[in-house]
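Working through the structure, step by step
Here's the letter readout for the chains.
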Amino acid sequence: MKKLINYKIITIYCECYQKLLKYKKWPWRRLLKIHRDRITKDYTWIFINDKSAIWTNIYCPLCKERISTVQIVNWKYINKVNQWQIGLIRKS
């Protein structure tokens, strides 16, 4: 398994411009999954404190649209991102 050494910290927003989280991401890849251990700041407290079961949907607290779905990949809980609901992504 690769270690995340060279990363960018990005700020992720919903389509309704709700600031969701700051996240460490590989610089050359698209945001498809959100790993819980790579979150640096969770503004809405819906990702860090989430102990949901598999296939549970996570919704934006402001617009109530689905942001991600909880899944297991390589025996780790991750959030599979809904690409249509993620709006602005800014590099920090």
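Residues numbered from 1 in each chain as written. Predicted model: local features only at pLDDT ≥ 70, side-chain atom pairs only at ≥ 80, totals over all residues. Heavy atoms only, no water.

Tallying secondary structure elements over the chain gives 0 helices and 8 strands in all. Listed N to C, the secondary structure of the chain is β-β-β-β-β-β-β-β in terms of helices and strands. Projected onto the principal axes, the alpha-carbon positions of the chain cover approximately 35 × 30 × 20 Å. Out of the 92 residues belonging to the chain, those deemed buried represent 36%. At a minimum sequence separation of 6, the contacts of the chain that also span at least 24 residues come to 37%. Accessible surface, the chain: about 6300 Å² in total, of which carbon and sulfur atoms supply 54%. When the 20 positive and 5 negative side-chain charges of the chain are each reduced to one mean point, those points stand 10 Å apart. (Helix = DSSP H or I, 4+ residues; strand = E, 2+ residues; numbered from the N terminus. Buried < 20%, exposed > 50% of the residue type's maximum accessible area, 1.4 Å probe, protein only. Contact = heavy atoms within 4.5 Å. Areas by Shrake-Rupley, 256 points an atom, 1.4 Å probe, with all protein chains shown as cover. Lys, Arg positive; Asp, Glu negative; His and termini not counted. Charge placed at Lys NZ, Arg CZ, Asp CG, Glu CD.)

Another aspect to go through is the packing of aromatic side chains. Under the counting rule described, the total for this entry stands at 1 aromatic pair. For the ring pair W26 and W28, a centre distance of 5.3 Å and an interplane angle of 45° mean the geometry is tilted. Here W26 falls in the buried class, since its relative accessible area comes to 15%. Owing to a relative accessible area of 56%, W28 belongs among the exposed residues under this scheme. Stacked on the ring of Y43, the Lys or Arg K19 has its end atom at 4.8 Å from the ring centre. (Phe/Tyr/Trp six-rings, centres within 6.5 Å; stacked < 30°, edge-to-face > 60°. Lys NZ or Arg CZ within 6 Å of the ring centre and 35° of its normal.)

Of note, D42 is situated in strand β4 (residues 39-42). Of the side chains bearing the opposite charge, K41 lies closest to the buried D42, which forms no salt bridge; the N-O distance is 8.8 Å. Only 3.3 Å separates the side chain of D42 from the backbone nitrogen of W45, close enough to count as a polar contact. Side-chain polar atoms of D42 contact the backbone nitrogen of F47, separated by 2.8 Å. (Salt bridge = Lys/Arg side-chain N within 4 Å of Asp/Glu carboxyl O. Polar contact = N/O pair within 3.5 Å; in protein donor to acceptor, adjacent residues only side chain to side chain.)

Here we come to the sheet that holds β4. Here we have 4 strands laid out as an open sheet, ordered β4-β2-β1-β8, and antiparallel in their pairing. Across the chains shown, the open sheet's two edge strands, defined by having one partner strand only, are β4 and β8 (86-91). Along the sheet, successive strands turn relative to each other by an average axial angle of 20°, direction set aside. Summarising the sheet, strand β1 (residues 8-14) and strand β2 (residues 19-25) pair through 6 bridges and their orientation is antiparallel. What sits directly across from I12, in β2, is L21. (Pairing = 2+ DSSP bridges. Axes fitted to C-alpha atoms, helices over the stretch in contact; angles between N-to-C directions.)

In this section: the pattern of salt bridges. What the rule picks out here adds up to 1 salt bridge. Linking D37 and K76 is a salt bridge whose minimum nitrogen-to-oxygen distance equals 3.7 Å. With a gap of 39 residues between them, D37 in the loop between β3 (33-35) and β4 and K76 in strand β7 (residues 76-81) connect regions that are remote in the sequence.

Read these as spatial facts, not as claims about activity.
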